[in-house]
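Breakdown of the fold
What follows is each chain in one-letter form.
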Amino acid sequence: HVCRYGKPVPLQGVHVETKVADMAAVTQLTQTYYNVENDEIEAKYCFPLLESSAVTGFRAEINGRVVEARVEEKMQAKQEYSEALRRGDGAYLLEQEGPDIFQCSVGNIPPKALVKVTITFVHELKIDDKSGRLLFPMHIAPRYCPTDVSEEAFFPSPEALTYRPPSGCGFPNDARLTFSASLQMPSAITKLACTSHPDTITGILSDSRKGYVRLGLGMGSGRCVGLERDVVVKFECAQFHQPRCVVEQAETAVGQDGTPSPYGSVAMVTMVPQFDLTELPCELIFLVDRSGSMSGRRIEQTKAALEIFLQSLPVNCAFNFVSFGSRHEAWKSESATYNEQTLSEAKRFVRSMTANMGGTELAGALRFALERKNRDGYARQVFVLTDGQVTNTNDMIDLAQRYRNKARVFTLGIGSGVSTELVAGLARAGRGDSRFVQDGEDVRSQVVGLLKRSLQPSLSDLRVQWTLAPEIETEVSTQTGTGGGDTLMEDPKPQDEEPSKGIASGVMSFFNPSQKNAQNEANRQKTPFSVTALPSLQTAEGVHQAPFQCPPIHPGAHFSVFGFLPKGRTLQSVTLKALAPEGPIEISLTPQPISFVSSEADVEQNKMFTGALHKMAAKMMLRDLEEATSFLHPESGAVQSLDLASRVKQEGVMLGMHFGLASKWTSLIAIEKRGGETAEGRELPVFIGKEYKPPQRVVPQPQAPMYGGALHSLNMTANLGAATTIGLECGAPSGGSPMWRTSGVSYSAKAEK
């Protein structure tokens, strides 16, 4: 069993099993807890998920009994959990602590008992150019808290402690990871690999639309896998990037809360656009994280990325670097024009960079880049290269959103444990794009892609037109939709377009790989560059779009949008329209039905995939509410009044309860009624006392061995409640900050150099 500081840690292992069908990935994450003590305990474990994940299920298994969770309003769920603890019942609570951080609480684990909790979540598959990418975060890295930020604002309750795993392979004292993935795509899989773990077993079946990935299964004891590294699976699929619109029939007439469903079917538009517009002169400002946590291979990856940026910049641009740590400093007071001399100077500067600037004060550097006056005649593009380990994420996102009409923000998240909320949210708020690279991963393709997406002007007046078929008097279908064998959907039949040469006359297409811009071809010998779109509030009457404001569209970058259809209505067509400097640009798509259930799959798998698009769309609506970009908000990022905040919460609770999702406003709660005997025949105590709580065991966060480079000793104290304070020694970066915290626990720390 795992022991930390003389106290057993009950988490024994984590198994991740994911099934990918077309654009949906459904995952079951099983955490195994074992109480080696002689008394009942409460276990708490904080773990990360992608910020786009929709948590749809939660169940616990103990002594052969399975308890299914239900969704409740967050405070109600907390109250029920606390009352169950006092009664001596088994209590299981899953809460969203942040968009990419969840906490599992397992209460009253009997002595010598084994408990398995299984969390089910669904998320949309992301495409990098023509490659699909599955990312599964495995740990939460320590987050730096700025000196001017109140810890109570970010850490209202204790959650998880960070630690560094023992050296050597196998990590015998840490929880172990096993991972299994199966893929079933609409067309042939041509490449499949797990880029994060070299010992992974992968394969493509004789039916080339299917593949599998296995990690930590069937390996010898000396090749165990720990939780210190994220899992990344990449694959390529023939025609995966084609534009298409798919429709999933209504899941059920009523929601999980028993209320009538306000929506019918859900449509999803997905594509990787291919088009080319005339580039404009750009001013590119690179914000470089040089905090202590970036030392080691991360700063080397960052320097490699910057050199690729420098070699790829066009001649008609200006550029600058802003390094940040506990302070920020610019390479030059004003951006430099790109030429042979400045390129040579910049290369020398980049090669001299080290991670020696202490903490992670991103705010000052971001304000420096966004607030200063734009260079005349140049469009400003801001790039943030960071491991994303800050606590004031919302402040950074708000800042990017405030200046989104003045500068676009592109982000590159570097390393395991990076905050997907910060990296993805910052780019989304700044109308840019985000990419992630793992420790040691080649950065070239991600860097080139980001640069392509930054050098072209934004589209304006982007609209999605949802055209409903005429109403027909017929019964509304409440069936899930049938699956024919293992066929998920037919190969897409995108509308053919004639190539446009140079500046468009007439209408260009969002998707035409042969469409080139003559001016750009004269300026460079590169692949098509990128475009961002302004948001649109226009949707067809009766269709609820998610996200409510259209996300940016970039050539070569995955674009998707959902539409909830009115009950009993069908979708006739979808048209995307926008206005580019060269003229209008659009594409029309004919909807095709899709079902993720299969006659070859077992009942449990089909249950997991039932209503997958509905849940992904509902998660998107919840994110709109959290980021103040929903249909309730008068303008993007509007400050919420008390009345508006109450209405937003009401809408969030309704969505979470109806679709059975964990969210900012809802949690999943399961209660195992006790009062008789356990399977071993022991009488279970029933505690009557408002103040009773079993001893709490907090599962520490694993930390990558290379995190932060050379580690220094930190003397820290962490309050675990009930006036219990423990001392610990853990790694921290050179020149570290005066305050380090991981989600939910703060440490006053003094570095010993």
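Residues numbered from 1 in each chain as written. Predicted model: local features only at pLDDT ≥ 70, side-chain atom pairs only at ≥ 80, totals over all residues. Heavy atoms only, no water.

Attention shifts here to the side chain of Lys74. Looking at the secondary structure, you find Lys74 in helix α1 (residues 74-87). Within the buried core, Lys74 has no salt-bridge partner, and the shortest N-O distance to an opposite charge, that of Glu95, equals 5.2 Å. Residues in contact with Lys74, not counting those within four places in the same chain, are Glu95, Gln96, Ser663, Lys664, Trp665, Thr666 and Ser667. (Helix = DSSP H or I, 4+ residues; strand = E, 2+ residues; numbered from the N terminus. Buried < 20%, exposed > 50% of the residue type's maximum accessible area, 1.4 Å probe, protein only. Lys, Arg positive; Asp, Glu negative; His and termini not counted. Salt bridge = Lys/Arg side-chain N within 4 Å of Asp/Glu carboxyl O. Contact = heavy atoms within 4.5 Å.)

Buried residues dominate helix α7 (residues 420-429), accounting for nine of its ten residues. Of all the residues in α7, the buried ones are Thr420, Glu421, Leu422, Val423, Ala424, Gly425, Leu426, Ala427 and Ala429. Where α7 is buried, its residues contact α5 (362-371), β26 (379-386), α6 (393-402), β27 (407-414) and β28 (434-437). Arg431 sits one or two positions beyond α7 and adopts a positive phi of about 60 degrees.

Now for the environment of Cys282. Within the element layout of this structure, Cys282 appears in strand β22 (residues 282-289). For Cys282, the residues in contact, after removing those within four places along its chain, are Asn316, Cys317, Ala318, Tyr378, Ala379, Gln381, Ser454 and Leu455.

Below, the discussion takes up the packing of α5 against α6. As a packed pair, α5 and α6 sit with axes 10 Å apart at the nearest point and diverge in direction by 0 degrees. In terms of their interaxial angle, α5 and α6 are classed as roughly parallel. Across the interface between the two elements, Leu362, Ala363, Leu366, Arg367, Leu370 and Glu371 of α5 pack against Met396, Leu399 and Ala400 of α6. Grouping the constituent residues of the contact of α5 with α6 by class yields seven nonpolar, no polar and two charged. (Axes fitted to C-alpha atoms, helices over the stretch in contact; angles between N-to-C directions. Parallel < 35°, antiparallel > 145°, perpendicular 65-115°, else oblique. Nonpolar A, V, L, I, M, F, W, Y, C, P; charged D, E, K, R; others polar.)

Within the secondary structure, Leu579 sits in strand β33 (residues 571-580). Note: C-alpha distance between Leu579 and Ser458 (121 residues apart in sequence) is 9.2 Å.

Moving on, we get to the sheet that holds strand β10 (residues 101-109). The strand order β8-β36-β9-β10-β5-β37 describes an open sheet built from six strands, whose pairing is mixed. Whereas interior strands pair on both sides, the edge strands pair on one side only; in this sheet they are β8 (70-73) and β37 (696-698). Geometrically, the sheet is characterised by an average inter-axis angle of 25 degrees between neighbouring strands, direction not taken into account. Pairing of strand β5 (residues 41-48) with β37 involves three bridges; the strand directions are parallel. The residue bridging Glu42 from the neighbouring strand is Gln696, located in β37. Contacting β5, β8, β9 (90-98), β10 and β36 (666-672), α1 runs over the sheet at an angle of about 150 degrees to β9. (Pairing = 2+ DSSP bridges.)

Now for the sheet that holds strand β18 (residues 210-215). Two orientations exist for strands paired in a sheet by backbone hydrogen bonds: parallel and antiparallel. If you trace the eight strands from one edge of the open sheet to the other, you get β7-β6-β11-β4-β3-β15-β18-β17, paired in mixed fashion. The open sheet has two free edges, formed respectively by β7 (65-68) and β17 (201-204), since each of these has just one partner strand. In this sheet, adjacent strand axes meet at a mean angle of 15 degrees when their direction is disregarded. As defined by bridge partners, strand β3 (residues 11-21) adjoins strand β15 (residues 176-184) across nine bridges and the pair is classed as parallel.

With that settled, consider the pattern of salt bridges. Two side chains bearing opposite charge may form a pair once their charged atoms approach each other closely. The final tally for this structure, using the stated rule, is 29 salt bridges. Here Glu40 and Arg674 are joined by a salt bridge, their closest N and O atoms 3.6 Å apart. Separated by 634 residues along the polypeptide, Glu40 in the loop between β4 (24-34) and β5 and Arg674 in the loop between β36 and β37 bring together distant segments of the chain. For Glu40, a relative accessible area of 9% puts it in the buried group. With relative accessibility at 13%, the residue Arg674 sits in the buried group.

Below, the discussion takes up the packing of aromatic side chains. Under the definition given, this model contains 18 aromatic pairs. Each ring, one from Tyr45 and one from Phe47, has its centre 5.9 Å from the other, and the planes form 35 degrees; the classification is tilted. Looking at Tyr45, the relative accessible area reads 3%, which means it is buried. Residue Phe47 is classed as buried on the basis of its relative accessible area of 3%. Among the aromatic side chains, those forming a connected cluster through ring pairs are Phe286, Phe309, Phe319, Phe321, Trp331, Tyr338, Phe349, Phe383 and Phe410. (Phe/Tyr/Trp six-rings, centres within 6.5 Å; stacked < 30°, edge-to-face > 60°.)

This part takes up the confidence of the model for the protein. Here the protein shows a mean pLDDT of 78. Residues at 70 or above account for 74%. Note that residues 1-5 has pLDDT below 50 and, in this model, 19 contacts with residues that lie over four places away or in other chains. Confidence drops under a pLDDT of 50 for residues 474-506, and excluding neighbours within four residues, the segment shows 73 contacts in the predicted structure. (pLDDT = per-residue confidence, 0-100.)

Right, let's talk about unusual backbone geometry for a bit. A cis geometry characterises the amide bond from Ala546 onward to Pro547, with omega recorded as 0 degrees. For Pro547, the location among the structural elements is in the loop between β31 (544-546) and β32 (559-564). In the Ramachandran plot, Asn63 falls in the positive-phi region, its phi being about 50 degrees despite a non-glycine side chain. Along the chain, Asn63 turns up in the loop between β6 (54-62) and β7. Residue class for Asn63 comes out partly exposed when judged on its relative accessible area of 28%. The backbone of Arg431 shows a phi angle near 60 degrees, a positive value even though the residue is not glycine. Mapped onto the elements, Arg431 comes out in the loop between α7 and β28. Among the residues examined, Arg431 registers a relative accessible area of 9% and is labelled buried.

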